[in-house]
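Secondary and tertiary structure notes
What follows is each chain in one-letter form.
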Amino acid sequence: MKPLHSWEVSIEEAIRIQENLKDRLIPKKTFSSPKTIGGADVAYSTNKNFLFGAIAVLSYPEMKLIDTATAKGEISFPYLPGLFSFREGPILVKAFQGLRVKPDLLIFGGHGTAHPRGLGLASHMGLWFNLPSIGCARTPLLKEFDYPCLSRGSFEWIFLKGKKVGAVLRTKRGVKPVFVSPGHRIDLMTSIPIVLAACQRYRIPEPLRFAHRFSRKMMHGA
DNA sequence: GCGACAG
DNA sequence: ATCTTGTCGC
């Protein structure tokens, strides 16, 4: 795939890139029914110098592991809420290139459009890979939302300037909800049932759980 | 200026 | 994110 831009940019340039890429997002479903779903996650070494990206591809809706790829790299961008993709993006691109089976859709451990400038990690990487993508974060970034009731599947909207940009979704009864928002080539209403279906027994979608496990495994072995 | 702030 | 022991609950 062709790089959309350089990753070695200043904070000001990164923000400008986000504002430009935002208009290229396709906020609607561009696929029929996904046969595979990938999960992307990154682990950080204790010494604070390296990071390890992992992408796991699972069959959908069976959620059986089909393929996986990992990559190691040096941390080259600080952690700044709102600029997360510039920190984890490069290593995820590297991991993605090692995949033998490309997924029909990708779920990221971060936000999509539920982001101050409408371009979280999932949106950014969805554009980069030109794939439908969903953001599924464990904690909120935007603050305008209510908590859903305790039953699995219930949700509340996340708002940004009066617009619904995401959902606080209860993926497991009585357990802290996750924060779902569409990334690229998908809409919010389509994203919710997909994330729910990807959560079999745990709060976190299976593709993300696999990716998390593999990224940590690589970190310990390297 | 101060607090908030995905991982 | 990562560092960590026990501990409460299904």
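Provided above is the structure to which this section pertains.
Remember, it's a predicted structure, so these values are computed and weren't measured experimentally.

For the rest of this paragraph, the subject is the protein's contact with DNA strand B. Contacts to DNA strand B come from 17 residues, most closely from Tyr79, Gly82, Phe84, Thr139 and Lys143. Taking all atoms of DNA strand B within 4 Å of the protein, the share assigned to sugar and phosphate is 51%. Contacts to DNA strand B include Phe84, whose backbone N or O atom sits 3.2 Å from a base nitrogen. In the model, a phosphate oxygen of DNA strand B is placed 2.4 Å from a nitrogen or oxygen of the Lys143 side chain. Residues belonging to the surface near DNA strand B are distributed by class as follows: eight nonpolar, seven polar and two charged.

Next up on the list: the state of the cysteines. Under the counting rule described, the total for this entry stands at zero disulfides. Cys136 takes part in no disulfide bond, and the closest cysteine sulfur to it belongs to Cys199, at a distance of 6.1 Å. We note that Cys149 lacks a disulfide partner, and the nearest cysteine sulfur, in Cys199, lies 16 Å from it.

Turning our attention to the pairing of strand S3 (residues 65–74). Pairing geometry for strand S2 (residues 50–59) and S3, over nine bridges, is antiparallel. When the sheet's bridge partners are listed, Val57 is paired in S3 with Asp67. Hairpin connection from S2 to S3: five residues lie between these consecutive antiparallel strands, with Met63 at a positive phi of about 65°.

Neighbouring residues of DNA strand C: Ala43, Tyr44, Thr46, Arg138 and Arg216. Backbone sugar and phosphate groups make up 100% of those atoms of DNA strand C lying within 4 Å of the protein. One of the side-chain nitrogen or oxygen atoms of Thr46 is found 3.1 Å away from a phosphate oxygen of DNA strand C. In the model, a phosphate oxygen of DNA strand C is placed 3.5 Å from a nitrogen or oxygen of the Arg216 side chain. Classifying every residue of the surface near DNA strand C gives two nonpolar, one polar and two charged.

One pass over the full model with this rule turns up two salt bridges. Measuring nitrogen to oxygen at the nearest pair gives 3.1 Å for the salt bridge that ties Arg100 to Asp67. Of the two residues, Arg100 is situated in the loop between helix H2 (85–97) and strand S4 (105–108) and Asp67 in strand S3; the sequence distance between them amounts to 33 residues. Residue classification places Asp67 among the buried residues on the basis of a relative accessible area of 3%. Between Arg209 and Glu206 there is a salt bridge, and its shortest N-O distance comes to 3.5 Å. Taken together, the positions of Arg209 and Glu206, both in helix H5 (residues 206–221) and three residues apart, correspond to about one turn of that helix.

Further remarks concern the nonpolar core. Within soluble globular proteins, side chains that are nonpolar generally end up buried alongside one another. Among the nonpolar cores identified, the biggest contains 32 residues, and Phe86, Leu92, Phe108, Met125 and Phe129 are the most heavily contacted of them. Secondary-structure elements contributing two or more residues to this core are helix H1 (11–21), strand S1 (36–44), S2, S3, H2, S4 and helix H3 (121–129). Those residues in contact with Phe129, other than ones at most four positions away along the chain, are Met1, Leu92, Val93, Phe96, Leu106 and Phe108. In terms of nonpolar packing, the next biggest core, distinct from the first, is built from 27 residues, Ala56, Ile134, Ile186 and Leu196 among them.

With that settled, consider the sheet that holds strand S6 (residues 155–160). Whenever strands of a sheet pair, they do so through backbone hydrogen bonds, lying parallel or antiparallel. Taken in spatial order, the eight strands line up as S3-S2-S1-S4-S5-S8-S7-S6 in an open sheet, and their pairing is mixed. Each end of this open sheet is capped by a strand with a single partner; those strands are S3 and S6. On average, each strand axis in the sheet is tilted by 25° relative to the strand beside it, whichever way the strands run. Here H3 sits on the sheet and contacts S4, strand S5 (133–137) and strand S8 (178–184); the angle it forms with S8, its principal contact strand, is near 30°. Against the sheet, H5 contacts S1, S2, S3, S4 and S5, and its axis sits at roughly 35° relative to S1.

Rules and cut-offs
- Residues numbered from 1 in each chain as written.
- Chains lettered and ligands numbered in written order.
- Predicted model: local features only at pLDDT ≥ 70, side-chain atom pairs only at ≥ 80, totals over all residues.
- Heavy atoms only, no water.
- Near = heavy atom within 4 Å.
- Polar contact = N/O pair within 3.5 Å; in protein donor to acceptor, adjacent residues only side chain to side chain.
- Nonpolar A, V, L, I, M, F, W, Y, C, P; charged D, E, K, R; others polar.
- Disulfide = S-S within 2.5 Å.
- Pairing = 2+ DSSP bridges.
- Helix = DSSP H or I, 4+ residues; strand = E, 2+ residues; numbered from the N terminus.
- Salt bridge = Lys/Arg side-chain N within 4 Å of Asp/Glu carboxyl O.
- Buried < 20%, exposed > 50% of the residue type's maximum accessible area, 1.4 Å probe, protein only.
- Core = buried A, V, L, I, M, F, W, Y, C linked by side-chain atoms within 4.5 Å.
- Contact = heavy atoms within 4.5 Å.
- Axes fitted to C-alpha atoms, helices over the stretch in contact; angles between N-to-C directions.

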